[in-house]
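# Tertiary structure, described
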Protein chains: 2
Amino acid sequence: MSAKKSAYPPEVWAIRETSFDPRMIARNETIFALANGHLGLRGNFEEERGNAVDGTYVNGFYEETPIVYGEIAYGYAQNRQVMLNVANGKIIRLFLAGEPLDLSTGTLLAYERRLDLRSGLLHRNLRWRSPSGAELELETRRLVSFARRHVAAIDYRLRILRAPKGATLRIESEVNGDTHNQSGAEDPRIGTHFRERALTVTRAEAGGNGGRALSGIVVQQTTNTRFAVACAFDHLVSGALPGWMCTEAAVGARADSARISLVGELPEAVEPACGVDLRFTKFLAYCTSLELSKEEHERRAGETVSAAKEAGFKILASEQRSELDRFWATADVSIEGDDALLQGIRYNLFSLFQSAGRDGRTSIAAKGLTGEGYEGHYFWDTEIYVLPVFTYLDPGIARALVRYRLSILDKARARAIEMSQRGALFPWRTIGGEETSPYYPAGSAQYHIDADIVFAFRRYMEAARDEGLLLERGAEMVFEAARLWADLGTYSESKGGDFCINEVTGPDEYTALVNNNLYTNLMAQANLEYAHELAARLGSEAGGEYRRIASAIGLEESEVEGWRQAAARMHVPVDRERGIHKQDDLFLDRAVWDFAGTPKESYPLLLHYHPLVIYRFQVLKQPDVVLAQVLRGERFSMAEKRRNFDYYDAITTGDSSLSPCIQSVAAAELGYIEKAYGYFMRTARMDLDDVNGNVETGVHTAAMAGTWISLVYGFAGMRDYRGRLSFSPRLPAQWSRLDFKLRFQGRLLEVALTHREAVYTLAEGEPLAIAHGGRDVVLQAGRASAVSLIPQLECVIFDLDGVITDTAEHHFRAWKRLADELGLAFDRSVNERLKGVGRLESLEIILEQAGRSLPEGERRQLAERKNGYYRELIGGIGPGDLLPGIGALLGELRESGIKIAVASASHNVWEVVRRLQIEPLLDHIVDPAGVVKGKPDPEIFYRAAEALGVPFDHCAGVEDAAAGIAAIRAAGMFAVGIGSSLKEADFRLSDTGALTAEALWREFGRWASARSG
Amino acid sequence: MSAKKSAYPPEVWAIRETSFDPRMIARNETIFALANGHLGLRGNFEEERGNAVDGTYVNGFYEETPIVYGEIAYGYAQNRQVMLNVANGKIIRLFLAGEPLDLSTGTLLAYERRLDLRSGLLHRNLRWRSPSGAELELETRRLVSFARRHVAAIDYRLRILRAPKGATLRIESEVNGDTHNQSGAEDPRIGTHFRERALTVTRAEAGGNGGRALSGIVVQQTTNTRFAVACAFDHLVSGALPGWMCTEAAVGARADSARISLVGELPEAVEPACGVDLRFTKFLAYCTSLELSKEEHERRAGETVSAAKEAGFKILASEQRSELDRFWATADVSIEGDDALLQGIRYNLFSLFQSAGRDGRTSIAAKGLTGEGYEGHYFWDTEIYVLPVFTYLDPGIARALVRYRLSILDKARARAIEMSQRGALFPWRTIGGEETSPYYPAGSAQYHIDADIVFAFRRYMEAARDEGLLLERGAEMVFEAARLWADLGTYSESKGGDFCINEVTGPDEYTALVNNNLYTNLMAQANLEYAHELAARLGSEAGGEYRRIASAIGLEESEVEGWRQAAARMHVPVDRERGIHKQDDLFLDRAVWDFAGTPKESYPLLLHYHPLVIYRFQVLKQPDVVLAQVLRGERFSMAEKRRNFDYYDAITTGDSSLSPCIQSVAAAELGYIEKAYGYFMRTARMDLDDVNGNVETGVHTAAMAGTWISLVYGFAGMRDYRGRLSFSPRLPAQWSRLDFKLRFQGRLLEVALTHREAVYTLAEGEPLAIAHGGRDVVLQAGRASAVSLIPQLECVIFDLDGVITDTAEHHFRAWKRLADELGLAFDRSVNERLKGVGRLESLEIILEQAGRSLPEGERRQLAERKNGYYRELIGGIGPGDLLPGIGALLGELRESGIKIAVASASHNVWEVVRRLQIEPLLDHIVDPAGVVKGKPDPEIFYRAAEALGVPFDHCAGVEDAAAGIAAIRAAGMFAVGIGSSLKEADFRLSDTGALTAEALWREFGRWASARSG
């Protein structure tokens, strides 16, 4: 979908930079960053020259600095927390014959960089001729070890191809502690403002063993948080020159860096044919005082780097490969038909694996460990985007991310008190656990973070059944969050006694400080329900443990009952007229943003309009209602989902990277597959193609997770409500096959999808019941269960008027009588426009046609009068009034086990059906009562299928009006049109006489087969 | 009302400090500050020692400094503007025998400070014995000249009473340019944050004429705004000692101050009997580059100080007296009965006179020129609080304040563009015209400032008829503000097509970012209406001028018509159920703040709760709806005003100094005189008694103006809708008399009020028609028009049931029949509870009594059935059913010209009246249709009196039920009770037989006389 040509060839297991482009340096530093959840190195060149942002980050290692406000108020977040750019250990400088290796000078004869997603190694190969004509080949490999969390290594192989006799070769390897974060910019999403130096070097040493060793250490300490980080380094060297030695082991002039240097002299001139080889491997270990004591971490860094050196690069690389093999064994996804896409997906999964904290003290930052955007903060992204991925692909990592939240529970309790609430209130953005949002309307006001955390926790618990974690601290967290909601909300008289949550901000940050944000209310409801269920379950299954927890947090049974009540009476804002949910109480009262009058360059809006302006309009940064219906889909009917999506998607800007994946999942569920595909493609290569233009500040981890979510929740239609997996696959036309795997309750499930078939294989574990398209499928280990995706006709839904009987004629006569009485012109051509249209609207059409208008009260009376005439007429209906062939058709369908429903806009449907004596043949009747929107809205057809439990695409609808045909097609059903003008019908007949069961089967089959192309 | 004992004796023309109390220093520096609208000197001691905050301020002289935000967003105010503490010219240091004059050392033998409100001089007299035993008397007088805006002077008279021979006397007089503003504190209402030095001294010179002159100059310049201020000084000396001379004329060590010193030696020992006298007068002139060019202002300062010296202190003092005589000739207010109060009122008026800018470039700061609170900013306080006072007391100053707004119109236009709006958007807080609110939810979001400015402008125009200013720029401002509203608002479908204004903050800052804030909508409506009227009037009366203005701002006629439409369709949020206006669309959906659970020390709430917490509840910082009904009273019925006040007053904290005066005016209108008095007393001496505990940071100018507003709009009941004055006086019991004057359309109007009489005298000018209590009074120059304030009986309002006829009996029988049918116990004792109660509520009482409950639909049916029975019964009613005496009474009242109304809760009132054949005797009937709240709400009685145009207290109400009596009393009417149990009635009879016209007259007269004290 992106118009930009990709910078990287579409290899499915690698990201390759094929030529050196100085304009791409900053972006590539992010793309080629390596990390292991603890330590992250940006893809900087070892030689430093030309680098954009030299960056090295340790997850959870931050400095605090007071937030300065224009105007302070009580309870504002006090400090920023900023993930620090720590000592740069990547530096290896090369000087040949006095000339530094610098790609912007001399001539680059060959260049390639490659990130291998299976080996986890970053390769760089180049051949360079210096300004004076010396020539060399360099091959580096770099890793940040998944097996040894503190360790990184750079394998540096040099071949001198051309150099004069006596030329010196000098290699300097350094760890530089004089590091700084980038300073703030105008964009509120980037930037850091320290008023004093964040890091001070407290120790810098090189060359132990009397200056002869190739090792050293740099220790940095933060000013305010008093955290320390030690970077120890050591080297292996082979292929030495004569006279080669560690000539220097030096500490920088300001005592803030440590360096060792090797210098040698070429005894002879070198020619390509007899090049000189050198191999130089640098080992790094980063340990912090956060995991170990201040005394210990320095020592441990030294020991760790020694052990790595001992092992050597080859062992480290082979460990790396094993860890990734294990990861890919579950995580790999394959798509047939689009290599660039597959590359994007794999890169995203690889990046998530690189970014997520593993130690229970750290989480996953918005930009991972690849850059300084969003200051290295953890947001709700972790729970709503990233956690589902690890829950199903790597439950161990999911557990660590959950444990991070448990570790800051006490800080969340303190924050609740500060905000005058009970329970626990998690920070909207943080590293250490304190709230750090400097703008509360789009920060602290996002109370939904509490419910998001509990939602993800429940999903993890249901998939991983981690009872230990639940009892250890998980239940406590769920209860404390429920407490917050119970205290925050209020039963409001003006909302009929509903439980209302006021003055909050939902996920959509283009609207702030609202009452009854739908997303917040539904997520809070889920939190309250879960807390209540959990208390009940633990009370009966683990009484002792429950009593211990309850007593520790002073929990009363009445409180638990209060949670149930609050959940049951939670306010759900709806607009009855439009049949959609309201994003919040007032959202639909606002004017719609002038999209047509907004030039492209005025996006993202937040950089071009004052918040007061943006907040005043209906315009979304992020899908809010749509996200609610993705996460809590069981709370919405399909008709509601469709109308919500249609309404809100049209007013959603692309201003947040978190949007497209959610829009993709929602669109897929509604059968908007092309739209779903479009949104998906914006996430899948968001970073590789720099769709948002800001990759240089780091990758978008949430969007990366969104890729997998789009595939699995979107195209595979997976849902995991209450610990039960269901699938409802719908592949885009562009793909021929999609494969992925899931870990679930100790099992490994493989899913393979084509357009015609879904194959579920339980690779490991006990039998598992899943659902496909609403029906149970029980999987046995090692056995593949294939389910056809070609729709089968299971249900026919008939319109009444003009399809089953010609009440249309009765209507016409009743209208005619009324029109004659009123002296209005009315004939059959006008009558055509009334088909499928309600009574009042019909009258309006007649009046409008006749150029008349009447007050509403009178219109109602007249419509009532017409209905009287009509009811007189239908009083005479009998079985003989069935249209030709219909009686036989109903009988045949019934015999073949096809379900039959009538879906009519007529309030008289029950009476007519009774008089026709076909009631015993019908499985279901949908009358207009309770249907919010009439045809062409698909609601009435959805409802018939939902009532009978038949997938929509297994239904045929029979209609005689254009609005009805449109409704059937919108519902994703096979549309049969009675009437030659119904061009949109999938199967058209001039009258019911030709409509046989056989014809229906045949045409449905053709249609089903074609759409599963 | 304040529990604190006043610090100053209750003198009616002076503020006197009778003893020296170091704890009062900071507070007294504010109280004894002198200013003239241009220059302000805090009441610092000349000797500096012991001063709290040395402060010297020039109105409109400010520095800008960037606002630092926690998180920046588009359109945020960029810079702070801070009124600067400029060069301190007050310094006169005295050393006797080497000992400095310092009141904290030695012995203070006598001390007094006195601010004379008529002379405008600040006196200090003291007698002091130094630690070593020397003794002196000091008398200083200080003024900041109203006649010469740049000039201040200090007359310093010294008498040495005791000193040894040879003792030196040294006097140093200095102007110190090393001045700083106070630094910020935790309270968001105070404090300034400069990142660099705001003021630099560019010139400091002393002792011209070869060091022998006693003059000098200090010039300071701001760093960012590049404004300059020059302070020139000079001296007159008399009574010299031998050898006395200007020994030094020096510039401070850092070249930032200028000083002259006099030193003499006592040739003989001094004893009290033969004291040595010295008089030393210091003249100061402060001129800025804002009024003059950079080159000129320094020269002008020198010339100005020379001229002042030439005139001498005596002339300056006499000019000062003349200016104040002129001011007080109009502005003086007198109240008999409370000297402390009168002192407070006069001090407040004096302070306003001191604070208001006169030059059309400056306005009046929230703290005047007395301190640094609110950074010297101008707010809506100017228009809503201060301008009405000057409009009626000193139209020249009012004009200058209006001209200030016109001077920043172009900046308001630029701000509108920045905020994506058309027209002009005035800054919420500013000095130079730019928006400087660092917290937009309680700053820029207060769009109502635009309407406030136009509202005050219209009032000024109507009172001063300043057509020149209107055409010069005034009309343009009104049009541009109307443009803003037309563009900001939107016609909302969900509000029935009403014009809605969303996402704004009203005056109440404990609720932010709401839709349809009532105050904002009504004020915007007034703005739009005025703009439309003005365009129409100018178009017809001053076509050429109008075309010039319209063309200059590109005004189209369709736009003007759009203003009319928007005003006509402006949304007015109401709660029909409660019969009150909603502060905003959602206000009443919120829970009410837990006042009972909030300890006293948690106020003001803004210092103890996060805004998110405060915003979530119904709790007011400032009256919002109540202010709307004070300013736009013609838009509310009396019943609405009463219910609004009752509801909102109960949830208004005392957290803003702007509240009490508005609450006082509203309470007075409703006859809540004690309450009005209580609120008034909180404003009248707010600063003298330091009610809010923060006088040290400056006086509260808006509250000071509020004192006068409370008197005139509150107790005198003045209204000035559309250029017409009306009065409706109601004096508190504590006072015997209130006198004040007003300037209006070139006239001088004197108002004298006692409890029994209002006397209006037109002291100057053409005849004027005013209104008193709803009736016209035409005033002729020089003639006093006295109007009695003792209510006269003009109208009797009868309840129907049980008063005019015994339908009560029919009701009883109808209910009894229904109850019997349902098998419910029901008797006359239960029936008593139904009196004055509606049909459905009555049924509920019966059901509840019988322990039964029924669904609502059924209840409605049963009530309907009872009504059928009742209507059967009343079908038989005739004139014979009039209760005893009523027929005669109605006839008598009619003959005496007393108006007669029936106000009944019965839907059958019309039928019953007709059958009784008394309809011709009645002037008005109020039936329950359209009455929002039944008795005991006074609405139905208010409506009867309003319909007949009779003041409420000129009405008697006759009732047989307690709820009715309560309603009559609440309406401020004379309550006649039929029934011996009606203890609350003003006049009680056991039955109607005794109710004669004569008795009514007599008892009404007693009541009226008693309540008029």
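For the structure itself, consult the block above.
The model shown is predicted, which means the values in this text are computed figures rather than measured ones. (Residues numbered from 1 in each chain as written. Chains lettered and ligands numbered in written order. Predicted model: local features only at pLDDT ≥ 70, side-chain atom pairs only at ≥ 80, totals over all residues. Heavy atoms only, no water.)

### Remarks on the nonpolar core
Judged by nonpolar contacts, the single largest core of 518 residues is most densely connected at Phe479, Trp708 and Phe727 of chain A together with Phe479, Trp708 and Phe727 of chain B. Filtering out sequence-adjacent residues up to four positions away, Phe727 of chain A remains in contact with Ala716, Gly717, Met718, Phe740, Leu742, Leu749, Val751, Tyr760, Ile770, Ala771, His772 and Gly773 of chain A. Ranked by size, the runner-up nonpolar core spans 57 residues in total, among them Leu854, Leu882, Leu883 and Ile900 of chain B. (Core = buried A, V, L, I, M, F, W, Y, C linked by side-chain atoms within 4.5 Å. Buried < 20%, exposed > 50% of the residue type's maximum accessible area, 1.4 Å probe, protein only. Contact = heavy atoms within 4.5 Å.)

### A short note on the interface of chain A and chain B
Each side of the interface is counted separately: chain A has 51 residues, and chain B has 51 residues. Across the contact surface, chain A and chain B share four salt bridges. The partner of Asp589 of chain B in a salt bridge is Lys495 of chain A, with the nearest N and O atoms 3.6 Å apart. Where chain A packs against chain B, one counts 16 residue pairs in polar contact (both at pLDDT 80 or more). When residues of the side of chain A that touches chain B are traced back to their parent elements, those giving at least two are strand S20 (490-492) and helix H13 (611-615) of chain A. Here the side of chain A that touches chain B gets four residues from one element, more than from any other, and that element is H13 of chain A. Residues belonging to the side of chain A that touches chain B are distributed by class as follows: 28 nonpolar, twelve polar and eleven charged. (Salt bridge = Lys/Arg side-chain N within 4 Å of Asp/Glu carboxyl O. Polar contact = N/O pair within 3.5 Å; in protein donor to acceptor, adjacent residues only side chain to side chain. Helix = DSSP H or I, 4+ residues; strand = E, 2+ residues; numbered from the N terminus. Nonpolar A, V, L, I, M, F, W, Y, C, P; charged D, E, K, R; others polar.)

### Here's the deal with the pairing of strand S14 (residues 216-222) of chain A
All names here are of chain A. Of all seven residues making up S14, seven are buried, and the element is well covered by its neighbours. Bridge analysis of strand S13 (residues 199-206) against S14 gives seven bridges, and the strand direction is antiparallel. Paired with Ala206 across the strands is Gly216, a residue of S14. Pairing geometry for S14 and strand S15 (residues 228-238), over six bridges, is antiparallel. Note on S15: the bridge partner recorded for Val218 is Cys231. Taking the residues that link successive antiparallel strands as the turn, the S14-S15 hairpin has five residues, and the phi of Arg226 there is positive, at about 60°. (Pairing = 2+ DSSP bridges.)

### What to know about the relation of the copies chain A and chain B
Between chain A and chain B, the superposition needs a rotation of 180° and an axial shift of 0.0 Å, giving an RMSD of 0.1 Å. Taken together, the rotation angle and the small translation identify this as a two-fold axis. For chain A, the residue whose C-alpha comes nearest the rotation axis is Tyr69 of chain A, separated from it by 2.4 Å. When the interface residues of chain A are mapped onto chain B, 100% of them again lie at the interface, so the same face is used by both copies. (Least-squares fit on C-alpha atoms with pLDDT ≥ 70 in both.)

### Observations regarding the side chain of Glu794 of chain A
Tracing the chain through its elements places Glu794 of chain A in the loop between strand S32 (784-788) and strand S33 (795-798). Among all residues touching Glu794 of chain A, those that are not within four sequence positions of it are Arg775, Ile898, Lys899, Val950 and His954 of chain A.

### What about helix H7 (residues 409-418) of chain A?
All names here are of chain A. When H7 is considered as a whole, its buried residues turn out to be Leu409, Ala412, Arg413, Arg415 and Ala416. Down the axis of H7, the smallest arc covering the buried residues is 160°, so these residues share one side. Summarising the contacts, the buried residues of H7 are in contact with helix H6 (395-407), helix H9 (467-488) and helix H11 (543-553). Phi turns positive one or two residues past the end of H7, at Ser420, with a value near 60°. (Arc of directions from axis to C-beta.)

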